[in-house]
Structure formats: C-alpha cells, structure tokens
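Residues per chain are reported as follows:
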Amino acid sequence: MEFSSKLLENAVYEVSQLPGIGKRTALRLVLHLLKQPKEQTTRLAGALVSLKDQIKFCKNCHNISDVALCEICANPKRDETIVCVVEDIRDVMAIENTNQFKGHYHVLGGKISPMEGIGPHDLTVGSLINKVKEGQIKELIFALSSTMEGDTTNFYIYKQLEGLPVKTSTIARGIAVGDELEYADEVTLGRSILNRVPFENSFKT
Ligand SMILES: [Zn+2]
C-alpha cells in the first residue's frame, strides 16, 4: 500500500496491528476518524491510554476490575467455595449472563499453548493452586473452551491438584468441541454449568 502521508501510514499501521483488522480495514477506520471532530479522536485516544494506565486486575480472581477486589469477589452473597476456572473476562461475562452461577471465578489469562510459547507460568495457575492449598475451595469447575489447549490446561491444573482435598468438575459438553464459550448461547451455557461432570469422567474413555 502506497501512502501519500507518513502520518496516515503510521496510523494505519498501528490500527492494523489489532486482531482481525487488515490494512484495508485499518485505512477505512483511520479515514473515518479523520473525518470526525477532533474531540472524538481525543476521547478515543484518552480512553485507551487511561485503560492501559489505570486498569487493575482483581487480586483474588485476576478479572479486570477498576478496584483491587472485583465486584464478584467482594459480594458476600457469592459462594467462594466454588470456583469456575476460565480463560479470560469474556468467559466471566458469558457465564454471568446465564445467571446460573453464584460462585467465584479464577481468570487464567489464557491457555497453555506450547505452539505459541505460553506455559503455565505465563498464566495465573500458581495463584489458583495456592488458593486451593489455603483450603477455602471445595470445588473447581473447569470452563475452558474445548480445544486442545483448553484440555491441556485443564489436565495440567488437575495434575497439580493431586492429593489436595478439592473436587474438580468440567462443564457438560452441550458446547461442541472447539467452541469458544463466548459464542455459546446463554441457555446452553447455563445448562452445561448446572450439568457439570466430575473432571475424571471427561478423559476416561
Ligand atoms: Zn475478583
């Protein structure tokens, strides 16, 4: 792509670094922004900078939060003895939408993926194991997407928990293999949490 302006080229380059945005879409978005009043672009840039500067992660569950302890963890009506293990905040939002789960979450921040060079230490697995060792948690529900990386992550955590007095379960697979949680409809996802199965059953054939 040939640009008549270095400023335009830079802006297009930065926007095209976002997932799912190619150079042509980036150009369209940048030209759109250029037509907007300056205040709008300033607000957009400001929102992104504040997000990066001020965002916090809940010290208990690692969910994105504006305060040190997120609303879910701070809510005394939620059951802290049942913890749903998810990949990221999108899964928390999807499960919250079902209104079927009243426990806590633990946000891993990704899945173990040797292909992408993501190991357990890049995730919040250690803090999850520590929480289990502290003895408050009675049940962990694995709710990662049913991909190879999701299964690897579940199994890794399961192995780390060996000998600890915690029940492990996995959401029932009304959700098809390979589906991401955020795409599952609320009824299916809600049901799959209620009909969860002991984790051991999920890999015994
Ligand atoms: Zn939290």
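Residues numbered from 1 in each chain as written. Predicted model: local features only at pLDDT ≥ 70, side-chain atom pairs only at ≥ 80, totals over all residues.

Lay out the sheet that holds strand 4 (residues 103-107) with the relevant residues and their values.
Pairing is mixed across the open sheet formed by five strands, whose spatial order is 4-3-5-6-7. Each edge of the open sheet carries a strand with a single partner, namely strand 4 and strand 7 (197-198). Relative to strand 5 (residues 139-142), strand 3 (residues 79-86) runs parallel, the two being bridged by four bridges. Residue Val 83 lies in a different strand from strand 5, and its bridge partner there is Leu 140. (Pairing = 2+ DSSP bridges. Helix = DSSP H or I, 4+ residues; strand = E, 2+ residues; numbered from the N terminus.)

Which residues make up the packing of helix 1 (residues 6-16) against helix 2 (residues 23-35), and what values go with them?
Between helix 1 and helix 2, the shortest axis-to-axis distance is 8 Å and the interhelical angle comes to 120 degrees. Put simply, helix 1 runs oblique to helix 2. As helix 1 packs across helix 2, the resulting crossing turns out to be right-handed. In this structure, helix 1 contributes Leu 8, Ala 11, Val 12, Val 15 and Ser 16 to the contact, and helix 2 contributes Lys 23, Ala 26, Leu 27, Leu 29 and Val 30. Class assignment for the residues of the contact of helix 1 with helix 2 results in eight nonpolar, one polar and one charged. (Axes fitted to C-alpha atoms, helices over the stretch in contact; angles between N-to-C directions. Parallel < 35°, antiparallel > 145°, perpendicular 65-115°, else oblique. Left-handed = near helix turned anticlockwise from the far one by under 90°. Contact = placed C-beta atoms within 7 Å. Nonpolar A, V, L, I, M, F, W, Y, C, P; charged D, E, K, R; others polar.)

A description of the UniProt feature "zinc finger region: C4-type" (unreviewed entry) in the protein should follow, citing residues and the corresponding values.
The sites that UniProt annotates as "zinc finger region: C4-type" (unreviewed entry) are residues 58-73. The span residues 58-73 is 19% helix and 12% strand, and its two end C-alpha atoms sit 8 Å from each other. (UniProt positions renumbered as here; feature names shortened; annotations may be inferred.)

Pulling in residues and values, what's your account of the pairing of strand 4?
Among the five residues of strand 4, four are classified as buried, and the element is accordingly described as predominantly covered. Examined bridge by bridge, strand 3 and strand 4 share five bridges and lie parallel to one another. Across the sheet, Val 85 pairs through a bridge with His 106, a residue of strand 4. Between strand 3 and its parallel partner strand 4, the chain crosses via helix 5 (residues 89-98), and the hand of that crossover is right-handed. (Buried ≥ 20, exposed ≤ 12 C-beta atoms within 10 Å, placed from the backbone. Right-handed = clockwise from strand over helix to strand, strands pointing away.)

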